[in-house]
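So you can see what is in the structure, the chains are spelled out below.
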Amino acid sequence: DQQVKQNSPSLSVQEGRISILNCDYTNSMFDYFLWYKKYPAEGPTFLISISSIKDKNEDGRFTVFLNKSAKHLSLHIVPSQPGDSAVYFCAASAHNQGGKLIFGQGTELSVKP
Amino acid sequence: ETGVTQTPRHLVMGMTNKKSLKCEQHLGHNAMYWYKQSAKKPLELMFVYSLEERVENNSVPSRFSPECPNSSHLFLHLHTLQPEDSALYLCASSQEAGGVLNTEAFFGQGTRLTVV
């Protein structure tokens, strides 16, 4: 049973436009959510996170939205840049379940000039 | 030195070989992890070491054997692997506090393993 799902394996966006990456989860105990970015031949790097007590967290061009009732979160990148092209992993954890990160399958974002 | 370093970056091994993957972290963390990433699949947690003790083994076959000699080093010993074990193996570290693994893990670049 996959607790964190990213249903879009790929996304293509024009430079300057908004990229929206989506993530759904099933475990209602998750209370912390993260996005990681991965370039080819590199390990994932932390991008942005959000606690379940918030519904939005913004860091520069990156904003994460959390909808707890729908068990859904999304990452918005605006404006998108070619350097944003990478695989984006959504991850979630539950403090009372040890805090282990559970990852989604990833979405490959391609930003075209 | 970068935060989490893995060697080798690429490894090709036969099914009868024995090899080891190495991970070293320079972040002062007290928890280390092995993840497996297969194509189009989520990152799969294989092993967790906290304070040098294995705290989780997610039903990983015995042909994968981890070793954590100290809080900075983690090994994954491989023997009699199968072609389906070909994947990217990622090491990560984090700081555990109060029995809870810190949710922000730092990853190495990974070892691309091919079993032939």
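Scroll up for the structure.
Chemist: Explain the pairing of strand S1 (residues 4-7) of chain B here, please?
Modeler: In regular strands, side chains alternate between the two faces of the sheet. Residue and element names in this part refer to chain B. The side-chain alternation of S1 yields one buried face, formed by Val4 and Gln6, and one unburied face, formed by Thr5 and Thr7. Direction of pairing for S1 relative to strand S3 (residues 18-25): antiparallel, over a ladder of four bridges. Each residue of the ladder has a partner; that of Thr7, found in S3, is Lys22.

Chemist: Explain unusual backbone geometry to me, please; I cannot follow it from the model alone.
Modeler: Glycine aside, negative phi is the norm for most residues, and most peptide bonds take the trans geometry. Note the cis peptide between A:Val78 and A:Pro79, where omega equals -10 degrees. Along the chain, A:Pro79 falls in the loop between strand S8 (72-77) and strand S9 (86-93). The omega torsion of the bond from B:Thr7 to B:Pro8 falls at -10 degrees, within 30 degrees of zero and hence cis. Here B:Pro8 shows up in the loop between S1 and strand S2 (10-13). A positive phi angle is found at A:Lys71, which is not glycine, with a value near 50 degrees. For A:Lys71, a relative accessible area of 26% translates into the label partly exposed.

Chemist: Teacher, can you tell me more about the side chain of B:Asp85 here?
Modeler: All names here are of chain B. Turning to its location among the elements, Asp85 is positioned in the loop between strand S8 (73-79) and strand S9 (87-94). Given the relative accessible area of 2%, Asp85 is considered buried. Among the polar contacts listed, one links the side chain of Asp85 to the backbone nitrogen of Gln82, at a separation of 2.8 Å. Beyond its immediate chain neighbours, meaning those up to four positions away, Asp85 contacts Lys36, Arg63, Phe64, Leu113 and Val115.

Chemist: Sorry if this is basic, but what is going on with the nonpolar core here?
Modeler: As a rule of thumb, soluble globular proteins bury nonpolar side chains together. Residue and element names in this part refer to chain A. Counting 24 residues, the largest nonpolar core has Phe33, Trp35, Leu73, Leu75 and Tyr88 as the members making the most contacts within it. Contributions of two or more residues to this core are made by strand S3 (19-25), strand S4 (32-38), strand S5 (45-51), strand S7 (62-67), S8, S9 and strand S11 (107-112). Ranked by residues supplied to this core, first place goes to S9 with four residues.

Chemist: Explain the state of the cysteines to me, please; I cannot follow it from the model alone.
Modeler: A covalent bond between the sulfur atoms of two cysteines is what we call a disulfide. Applying the stated criterion across every chain, the model contains two disulfides over all chains. At a sulfur-sulfur separation of 2.0 Å, the disulfide partner of A:Cys23 is A:Cys90. Classification of the bridge connecting A:Cys23 and A:Cys90 rests on its S-S torsion, roughly -70 degrees, and on that basis the disulfide is left-handed. Linking A:Cys23 in strand S3 with A:Cys90 in strand S9, this pair joins segments that are 67 residues apart in sequence. What makes A:Cys90 buried here is its relative accessible area of 1%. In this model B:Cys23 forms its disulfide with B:Cys91; the gap between the sulfur atoms is 1.9 Å. Torsion about the S-S bond of the B:Cys23 and B:Cys91 cystine: about -75 degrees, corresponding to left-handed handedness. With B:Cys23 in strand S3 and B:Cys91 in strand S9, this residue pair connects regions lying 68 residues apart in the sequence. Per residue, the accessibility class of B:Cys23 equals that of B:Cys91, and both read buried. Unpaired in this structure, B:Cys68 has its nearest cysteine sulfur neighbour in B:Cys91, at a distance of 9.0 Å.

Calculation criteria
Residues numbered from 1 in each chain as written. Chains lettered and ligands numbered in written order. Predicted model: local features only at pLDDT ≥ 70, side-chain atom pairs only at ≥ 80, totals over all residues. Heavy atoms only, no water. Buried < 20%, exposed > 50% of the residue type's maximum accessible area, 1.4 Å probe, protein only. Helix = DSSP H or I, 4+ residues; strand = E, 2+ residues; numbered from the N terminus. Pairing = 2+ DSSP bridges. Polar contact = N/O pair within 3.5 Å; in protein donor to acceptor, adjacent residues only side chain to side chain. Contact = heavy atoms within 4.5 Å. Core = buried A, V, L, I, M, F, W, Y, C linked by side-chain atoms within 4.5 Å. Disulfide = S-S within 2.5 Å.

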